[in-house]
Amino acid sequence: MKRDYYEILGVGREANDDEIKKAYRKLAMQFHPDKNPGNKQAEDKFKEATEAYEVLGNKDKRAKYNQFGHDGLRGGRDFHQYTDINDIFSNFGDIFGGSIFEDVFSGGRSSRSRRRTGGEPGSDLKIKISLTLEEIADGIEKKVKIKNYKNCSVCSGSGAKSNSSRVQCSTCHGSGEIRQVSRSMFGQFINVTTCNYCNGEGTIIKEPCMHCKGDGREHGETTIKINIPAGIAEGQYMTLQGQGNVGKRGGEQGDLIVIFHEEPHDLFVRNEYDIIYTALISFPQATLGDEIEVPTLKGKARLTIEPGTMPGKLLRMREKGIKHLNSNRRGDQIIKVQVWIPNKFNSKEKDILKELNKLEHILPSEEEKKSKSFIDKLKNAFL
Ligand SMILES: [Zn+2]
Ligand SMILES: [Zn+2]
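Residues numbered from 1 in each chain as written. Chains lettered and ligands numbered in written order. Predicted model: local features only at pLDDT ≥ 70, side-chain atom pairs only at ≥ 80, totals over all residues.

A. Quick peek at the overall build of the protein chain. Across its full length, the protein chain holds 10 helices and 15 strands. For the protein chain, with 383 residues in total, the buried portion stands at 22%. Restricting to contacts in the protein chain with at least 6 residues of sequence separation, those with at least 24 account for 67%. (Helix = DSSP H or I, 4+ residues; strand = E, 2+ residues; numbered from the N terminus. Buried ≥ 20, exposed ≤ 12 C-beta atoms within 10 Å, placed from the backbone. Contact = placed C-beta atoms within 7 Å.)

Set out below in structure tokens:
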């Protein structure tokens, strides 16, 4: 079970950006690995605080976290989980612009030490999945086939014809970086740039794989199982890390972004986690009461109409709606009762209706018109 990010940083949910930054800075100083060498607990605390700050320190991510909690959108890049301390430095160099970490990280580490795993990283893929209300109500596992770049089947992604056809880059000697030292009156500067000759890969392919022409990848199809939680709404998305296009020559794999679309339903209208169904009943049913059959997301159900039911009355069937995202609660099905008024009738029916209109109780009495319950019923009818 993951701890609440606000709790980790020790701030309230209403804390402003400045307070969050200060809280994180304090924890980062306390648990920084340079200050606690070999202390696994401190390192964990540091990672935890950094993860919390990465979310709460970013307006969009914070809003998403407030709304969905930890696993609202599972596997998303918004909820990066740090396992390697070096990842923190490589991901955070830019966000802090150096300022917050200056006194915290007292040198020794390069803020951009992200190790490249190979060639150019692969791009992200986006797909759209349509869901019915029935699928949204309980969540569903879907299998989708995507067209993406996969590792070349001949060279398994290396791009080289054989192992011996890949040689170390002579310009950067395999590091993928060029370091230039310059001196000035302020001291010595080291300027690190990506090696142009090998594109930062550190190796050069002498004889490329014939199948992929040295790219290390080819077009293919992948079937992916996606576990879609219940309660998804139109336009929400989840990010499956490392399920997009593979990169060139073993470069980092892109992500697969799955965007959800809610299909309109023939019978129901959704209102957050509730579903609304309009039931048409006859005038005699509304007057005398009846038991009717109504559709639900899981088959048919019986519903009692009380005698004297006014048009527009709302009835609630508990927990027949949509399961909440991130909790075990479930919405309701709301039945809006409408009374069907026919506009076609034969002469016999017409006679009956005329007779009906003469009935003593066909209209409310003066007393009833003034009563509170009658006014409430009318109000209800126009909701
Ligand atoms: Zn190949
Ligand atoms: Zn090089």
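B. Representation of helix α2 (residues 17-31). Along its 15 residues, α2 runs 21 Å from first to last C-alpha, staying within 8% of the 21 Å computed at 1.5 Å per residue. Within α2, burial applies to Ile-20, Ala-23, Tyr-24, Leu-27, Ala-28 and Phe-31. For α2, the angular spread of the buried residues around the axis is 130°, confining them to a single face. The secondary structure elements touched by the buried residues of α2 are α1 (5-9) and α3 (40-56). (Expected span 1.5 Å × (residues − 1). Arc of directions from axis to C-beta.)

C. Highlighting the sheet that holds strand β8 (residues 237-240). Strand order across the open sheet formed by 3 strands is β1-β9-β8, with mixed pairing between neighbours. Bordering the open sheet on either side are β1 (125-131) and β8, each of which pairs with just one other strand. Averaged over all adjacent pairs, the angle separating strand axes in this sheet is 25°, with direction ignored. Two elements, β1 and strand β9 (residues 256-262), share 7 bridges in a ladder whose sense is parallel. If you follow Leu-131 over to β9, its bridge partner there is Glu-262. (Pairing = 2+ DSSP bridges. Axes fitted to C-alpha atoms, helices over the stretch in contact; angles between N-to-C directions.)

D. Expanded view of the nonpolar core. Core analysis: the largest hydrophobic core is formed by 16 residues, its most contacted members being Leu-9, Tyr-24, Ala-49 and Ala-52. Those elements giving two or more residues to this core turn out to be α1, α2 and α3. Not counting the four nearest positions on each side in its chain, Ala-49 is found in contact with Ile-8, Leu-9, Tyr-24, Leu-27, Ala-28 and Phe-31. Counting 14 residues, the second-largest nonpolar core is a separate cluster that includes Tyr-273, Ile-275, Leu-325 and Ile-335. (Core = buried A, V, L, I, M, F, W, Y, C linked by C-beta atoms within 7 Å.)

E. Expanded view of the confidence of the model for the protein chain. Averaged over every residue, the pLDDT of the protein chain is 83; residues scoring 70 or more account for 85%. Taken together, the stretch residues 75-116 has pLDDT below 50 and engages in 49 contacts with residues farther than four places along the chain or on a different chain. (pLDDT = per-residue confidence, 0-100.)

F. Just the pairing of strand β12 (residues 290-296), in detail. As paired elements, β12 and strand β13 (residues 299-305) share 7 bridges and run antiparallel to each other. Looking at β13, one finds that Glu-291 is bridged to Thr-304. Taking the residues that link successive antiparallel strands as the turn, the β12-β13 hairpin has 2 residues.

G. Geometry of the sheet that holds strand β15 (residues 333-340). Strand order in the open sheet formed by 4 strands is β10-β11-β15-β14, and the pairing between neighbours is mixed. At either margin of the open sheet sits one strand with a lone partner, and together these are β10 (269-271) and β14 (314-317). Averaged over all neighbouring strand pairs, the angle between strand axes comes to 35°, with direction disregarded. As judged from the 3 bridges shared by β10 and strand β11 (residues 274-282), these two strands associate in the antiparallel manner. From the neighbouring strand, Arg-270 faces β11, where its bridge partner is Ile-275.

H. Region of interest: the environment of Lys-161. If you trace the backbone, Lys-161 turns up in the loop between β2 (140-151) and β3 (166-168). By C-beta crowding, Lys-161 is classed as partly exposed, having 18 other C-beta atoms within 10 Å. Residue contacts for Lys-161: discarding those within four places in its chain leaves Glu-207, Pro-208, Cys-209 and Met-210.

I. A look at α3. Between its first and last C-alpha, α3 extends 24 Å over 17 residues, near the 24 Å set by a 1.5 Å rise per residue. Among the residues making up α3, those that are buried are Phe-46, Ala-49, Thr-50, Ala-52, Tyr-53, Glu-54, Val-55 and Leu-56.

J. The packing of α2 against α3, seen in detail. Where α2 contacts α3, the axes come no closer than 9 Å and their chain directions differ by 160°. One finds that α2 runs roughly antiparallel with respect to α3. Where α2 crosses over α3, the two elements pack in a sense that is left-handed. Across the interface between the two elements, Ile-20, Tyr-24, Leu-27, Ala-28 and Phe-31 of α2 pack against Ala-42, Lys-45, Phe-46, Ala-49, Tyr-53 and Leu-56 of α3. Class assignment for the residues of the contact of α2 with α3 results in 10 nonpolar, no polar and 1 charged. (Parallel < 35°, antiparallel > 145°, perpendicular 65-115°, else oblique. Left-handed = near helix turned anticlockwise from the far one by under 90°. Nonpolar A, V, L, I, M, F, W, Y, C, P; charged D, E, K, R; others polar.)

K. Up close: unusual backbone geometry. Its identity as a non-glycine residue notwithstanding, His-173 has a phi of 55°, on the positive side. Among the residues examined, His-173 registers 11 C-beta atoms within 10 Å and is labelled exposed. Phi angles above zero are rare outside glycine, and Glu-272 is one such case at about 55°. If you trace the backbone, Glu-272 turns up in the loop between β10 and β11. On the basis of neighbour count, Glu-272 is assigned to the exposed category, with 11 C-beta atoms found within 10 Å.

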